[in-house]
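Here is how the chains run, residue by residue.
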Amino acid sequence: MKKMLSLAAMFAVLAYASPASAELKLSGDASMRLRGQFEDTEVNDNATTNTDDLNFAYRLRLKAAADLGNGYFVKALLTTDTTNNLGLSAGGWNTVTGGEDAELDISQLYFGRMQENCHWMVGRLPLNSVNNPIFDLTLYPIVYGIGSGSPVGLADTAVATYNMDRVYGLNYGGKLGSGEANATLVVFDNNMRGDHAGEGNGIFNDGYALHLSYKDKLGEVTVEPQAIISLTNLDGLVYQGITPNTFGLNMTVPAGDAKIGMSALYTACDDTSDAGEEVDYSGYLLRLKGEVGNFLAWVDYNQTSDKTDGKDDDYDNLFVWAQYKFNVYESAAGSFSLTPTVRYWAAGYEDNDGNSADVDYSRLRTELVATVTF
């Protein structure tokens, strides 16, 4: 609590800085969430777990943006950024346990310059990964811990939740033809120092990748081809020290009062991991998304084939998200809304060699989220 009050006091002082200082704008949101969760796991068609849970959670996000003039800016986002034993976060949400320690951390911090035909920015950049699943497919192509009852995989806005919808990088974008091109040098990890037995030494042991995209319109249709190219070895939950590459397309089609979104993405990796495994997997993700007024829904389907070290394993993910936002109150100072949401994930693991048990997992989440923006 002391840390939270100190940060709030710092923002207040900055907001009332002298006229010669940069113009600082403060905003944010506070949310309360009631969730019902229903999980089922079957191993070789035999039920092994069947759990129901009801939990309460809350989230505070404080945003600061300073305009320095001549296109220069700096932005920051503070929220809870704690991680679990796997190093994964929870999207800023704090589950009520009776003894939780809800701290505010610097989740995003970046600065740059916006010009008429180009821009650049550097720091902990927002990804907007809920609407662009290319990072989900790159980092979570294989379901981890599917037989444990608490799996982690490509579903349910994985990067936005586990990686806080941000990445450290250097972005440059500009006008190219009739559209806009963007290139971002991404730093996924910095966990190697000096010489070691893997490929590369010293500075080249860190996890670097290049995210490329181009956004343009073909008539009324918006298209965005893109790719993530591994420049050095990256670490995932299942395999460490590998170089996956991902590419595909996002597309948005207007349909009267509705917007229809479609994504088709493909990832592949053929490399030797830090553990000496001959990693060989490939997978794809298909998304169909619809938005009409305050209603939003999408369906994802993913299949990944893992042939690492001679295995023949298939992973399947089906995910459905549907929500409706009720605007209860709105003014120039902020708003209050209620958003009932349904989130369903069905994941399957099939061992085509017959050496391991086949696993099927399903999770249904029903939520009611109350949010105040300010």
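Everything discussed here concerns the structure shown above.
Here the residue numbering is sequential within each chain, running from 1 through the sequence in written order. Confidence filtering applies because this is a predicted model: local features only for residues at pLDDT of at least 70, side-chain atom pairs given and counted only at 80 or more, and all residues used for totals across whole chains, interfaces and linings. Side-chain figures throughout are based on the complete set of non-hydrogen atoms in the structure, without hydrogens or water.

J.: Mind laying out the overall build of the chain, listing which residues take part and the relevant values?
T.: Where helices and strands are cited, they refer to DSSP runs of H or I of at least four residues and of E of at least two residues respectively, numbered from the N terminus. Check the secondary structure of the chain and you find three helices and 20 strands. Compactness check: the chain gives a C-alpha radius of gyration of 22 Å against a globular reference of 21 Å for 374 residues, within 12% of the reference. Here the C-alpha coordinates of the chain stretch approximately 70 × 50 × 45 Å along the principal axes. Each accessible area is a Shrake-Rupley estimate made with a 1.4 Å probe; only the visible protein chains count as cover when residues are assessed. Summing over all exposed atoms, the chain offers an accessible surface of approximately 19200 Å²; the carbon and sulfur share of this is 57%. Both definitions apply: the radius of gyration is a C-alpha atom measure, and the globule rule equals 2.2 Å times residues to the power 0.38.

J.: A description of the packing of aromatic side chains should follow, citing residues and the corresponding values.
T.: The pairing test for Phe, Tyr and Trp rings, Trp by its six-membered ring, is centres within 6.5 Å, and the orientation test on the planes gives stacked under 30 degrees, edge-to-face over 60, and tilted for anything in between. On inspection of all chains with the given rule, the structure shows ten aromatic pairs. With a centroid separation of 6.2 Å and an interplanar angle of 80°, the aromatic rings of Phe73 and Tyr110 are classed as edge-to-face. Of this pair, Phe73 sits in strand 3 (residues 72-79) while Tyr110 sits in strand 5 (residues 105-114), and the two are 37 residues apart along the sequence. Exposure is judged per residue with a 1.4 Å probe applied to protein chains only, and the accessible area is read against the type maximum: over 50% gives exposed, under 20% gives buried, and values in between give partly exposed. Under the relative-accessibility criterion, Phe73 is labelled buried at 10%. Judged by its relative accessible area of 9%, Tyr110 falls in the buried class. Taking 5.7 Å as the distance between ring centres and 55° as the angle between the ring planes, the aromatic pair formed by Phe247 and Tyr266 counts as tilted. Residue Phe247 is located in strand 13 (residues 245-255), and its partner Tyr266 is located in strand 14 (residues 258-272); the two are separated by 19 residues in the primary sequence. Residue Tyr266 is classed as partly exposed on the basis of its relative accessible area of 34%.

J.: Give me the side chain of Ser362: which residues, what numbers.
T.: As for its placement among the helices and strands, Ser362 is situated in strand 20 (residues 359-373). Note on definitions: a residue-residue contact is assigned when non-hydrogen atoms from the two residues lie within 4.5 Å. Setting aside its immediate chain neighbours within four residues, Ser362 contacts Phe38, Glu39, Asp40, Tyr344, Trp345 and Ala346.

J.: Outline the pairing of strand 17 (residues 313-324), supporting the account with residue identities and numerical values.
T.: In the sheet, strand 16 (residues 295-306) pairs with strand 17 via twelve bridges, with the strands oriented antiparallel. In the sheet register, Ala297 faces strand 17, and the bridge partner there is Ala322. For two strands to count as paired, DSSP must find a minimum of two bridges between them. Hairpin connection from strand 16 to strand 17: six residues lie between these consecutive antiparallel strands, with Asp309 at a positive phi of about 50°. Pairing between strand 17 and strand 19 (residues 334-351): eleven bridges, direction antiparallel. Paired with Val320 across the strands is Tyr344, a residue of strand 19.

J.: Give a detailed account of the nonpolar core, specifying residues and quantitative values.
T.: Counting 19 residues, the largest nonpolar core has Ile146, Tyr239, Ile242, Val279, Tyr281, Phe319 and Trp345 as its most contacted members. Counting only elements with at least two residues in this core, the list comes to strand 15 (278-292), strand 16, strand 17, strand 19 and strand 20. Here Ile146 is in contact with Thr41, Pro151, Ala347, Gly348, Tyr349, Val359 and Tyr361, once residues within four sequence places are set aside. Side-chain atoms within 4.5 Å link the members of a nonpolar core, which is a set of buried Ala, Val, Leu, Ile, Met, Phe, Trp, Tyr and Cys residues. Among the nonpolar cores identified, the runner-up in size contains 18 residues, and Leu88, Tyr140, Val167 and Leu265 belong to it.

J.: Kindly report on the pattern of salt bridges, identifying the contributing residues and their values.
T.: Salt bridge, as applied in this entry: a Lys or Arg side-chain nitrogen positioned within 4 Å of an Asp or Glu carboxyl oxygen. Using the criterion set out here, one finds 13 salt bridges in the structure. When the shortest N-O distance is used, the salt bridge between Glu291 and Lys259 registers 4.0 Å. Here Glu291, found in strand 15, pairs with Lys259, found in strand 14; they are 32 residues apart in sequence, far enough to count as distant. On the basis of relative accessibility, which here comes to 30%, the residue Glu291 falls in the partly exposed class. Each of Arg35, Asp156, Arg343, Arg363, Arg365 and Glu367 takes part in salt bridges that share partners, so that together they form one network.

J.: Tell me about the environment of Thr51, and name the residues and values.
T.: Mapped onto the elements, Thr51 comes out in strand 2 (residues 46-69). As for Thr51 and Val122, which are separated by 71 residues in sequence, their C-alpha atoms are 44 Å apart. Excluding residues that lie within four positions of it along the chain, Thr51 makes contacts with Gln37, Phe38 and Glu39.

J.: Tell me about the pairing of strand 19, and name the residues and values.
T.: Across five bridges, the pairing between strand 18 (residues 326-331) and strand 19 is antiparallel. Of the residues in strand 19, the one forming a bridge with Ser331 is Gly334. Taken together, strand 18 and the strand that follows it, strand 19, pair antiparallel across an intervening segment of two residues. The pairing of strand 19 with strand 20 spans 15 bridges and is classified as antiparallel. Opposite Arg343, over in strand 20, you have Arg365 as the bridge partner.

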